[in-house]
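# Report on the structure
For reference, the chains in residue letters:
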Amino acid sequence: MSSVTDTQTRVERRSRRLVVLAVVLVSLVLAVGVSSFASAHPDGLEYVAAQLGFEDTAGDHATAGSPVADYEATGVEDARLSTGLAGLLGVAVTAAVAFALFWALRRRA
Amino acid sequence: MHVPDGFLDLATSAGTAAVAVGGLALALRGGRRELDDRLAPLAGVTAVFVFAGQMINFPVGAGTSGHMIGGALAALLVGPWTATLCLSVVLIVQALLFSDGGITALGTNITLMALVSVWTAWGAYLVLSRLLPRRLSVVPWVAFVAGFVSVPAAAVAFTGLYALGGQAPIPLDSLLTVMLGWHAVIGLGEAVITALIVGSVLAVRPDLVRAAQPYLERQRLEIREGSPA
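Read on for a plain summary of the structure. For every chain, the first residue of its written sequence is number 1, and the numbers climb from 1 along that sequence. To label them, take the chains in the order written and letter them from A, then take the ligands in the order written and number them from 1. The predicted nature of this model means local features are confined to residues of pLDDT at least 70 and side-chain atom pairs, given and counted, to a pLDDT of 80 or more, with totals for whole chains, interfaces and linings taken over all residues. Based on all heavy atoms of the structure, the side-chain values leave hydrogens and waters out of the count.

### Overview of a nonpolar patch on the surface
Residue and element names in this part refer to chain A. A cluster of nonpolar residues, Val32, Leu81, Leu85 and Leu88, forms a patch on the protein surface that exposes about 310 Å² of accessible area. Secondary structure elements follow DSSP: runs of H or I no shorter than four residues count as helices, runs of E no shorter than two count as strands, and numbering proceeds from the N terminus. Of all the elements, helix H3 (residues 79-105) adds the most residues to the nonpolar patch, at three residues. Relative to the helices and strands, Val32 is located in helix H1 (residues 2-34). Exposure classes here rest on a 1.4 Å probe applied to the protein chains alone. A residue is buried below 20% of its type maximum, exposed above 50%, and partly exposed in between. Judged by its relative accessible area of 32%, Val32 is partly exposed. Each patch is built from salt-bridge-free residues with over 30% relative accessible area, joining like charges within 9 Å and nonpolar side chains (Val, Leu, Ile, Met, Phe, Trp, Tyr) within 5 Å. With residues, only the protein chains shown are counted as cover, and all accessible areas are computed by Shrake-Rupley using a 1.4 Å probe. What counts as a salt bridge is simple: a side-chain nitrogen of Lys or Arg found within 4 Å of a carboxyl oxygen of Asp or Glu.

What follows is the structure in structure tokens.
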């Protein structure tokens, strides 16, 4: 009986890994590939701020000097590559922080 | 929706920072209850997906764009406490690395997106799941509504914060009107994305969708010992 349960657990774990892998792949496609095709128009809040005339109250960003500020890798001429690289870095950093946090936080079996 | 530095005065920013810290402290305790070996990696990829999804601005007409927030999606997939943490991780990475959302505004952005949008969505889910029939097929529709309300809710909350500490003398009623107007449209995009993704995961592994749990609980098979009556 226990071997049946073992097989079940193994199959479940494998398909769970597939789901995790699929989401990572989709995220990479979005952040690296699709992101440079995203609309460059101001977002809802920026647009409203411009419309009502309070956009100028925004200060310079403290991390504007970051090598990937505004989702552009500095020094990379090609715009699509630049955004794609920034997206790749963002996915990697978010994954590292989030996986570490949630793994540390989980209830131990 | 990412608020830059300077829109709100320092007192209001300090207030939202305190709210964010309090919310995060609660979420760290609540997240511990939601996460186990099975769900921790899923929570990790949920944060990754929210980061990637937020990079994709879609046009909403007249020179404006919007992107998903992902608060509703994360809440329905991994539970509200873990979703609060997912969104916070994303917002911190965006502010520190990509200058997306101000540093002094980080508390404001966590309050608006990791708290208001996540918990409005979760509230909508709780209400709707009680009102609607107990069928798994309603969950994507619940996700649609939860996704929709989560965006204008954050827009209203921003207007409220602006009333407290906005740095420019703007008529608040017109601020509320245009914020609500645009974010209702963006909310429709959020609704579609949330419903599609929750629906997709539901089709493959319904047991991995937190919002589907009450629909999956069935009576367990029991093996009783003893002689038959």
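Here the narrative resumes, following the displayed structure.
### With respect to the interface of chain A and chain B
Interfaces are often sized by the accessible area lost when the parts come together. On the side of chain B, 67 residues touch chain A, which itself brings 59 residues to the contact. Once two parts are brought into contact, the accessible area they lose, counted with a 1.4 Å probe and summed over both, makes up the buried area. Both sides of the chain A and chain B interface together cover about 5300 Å² of buried area, and 72% of this is carbon and sulfur. Of all residues in chain A, Leu45(A), Tyr71(A) and Phe102(A) give up the largest surface area on contact with chain B, accounting jointly for 14% of the area buried on that side. Linking chain A with chain B are one salt bridge. Looking at the side of chain A that touches chain B, the elements with two or more residues in it are H1, helix H2 (44-52) and H3 of chain A. Here the side of chain A that touches chain B takes 16 residues from H3(A), the largest share from any one element. Every residue pair with non-hydrogen atoms within 4.5 Å of one another is taken to be in contact.

### Overview of the pattern of salt bridges
Inspection of the entire model under this criterion finds three salt bridges over all chains. Residue Arg106(A) is joined to Asp37(B) by a salt bridge in which the shortest nitrogen-to-oxygen separation is 2.4 Å. Of this pair, Arg106(A) sits in the segment after H3 while Asp37(B) sits in the loop between helix H1 (10-34) and helix H2 (40-54), on two different chains. Accessibility expressed as a relative area gives 12% for Arg106(A), which makes it buried. Measuring nitrogen to oxygen at the nearest pair gives 2.8 Å for the salt bridge that ties Arg205(B) to Asp207(B). What makes Arg205(B) buried here is its relative accessible area of 8%. On the basis of relative accessibility, which here comes to 26%, the residue Asp207(B) falls in the partly exposed class. Linked by salt bridges that have partners in common, Arg38(B), Arg205(B) and Asp207(B) make up one network.

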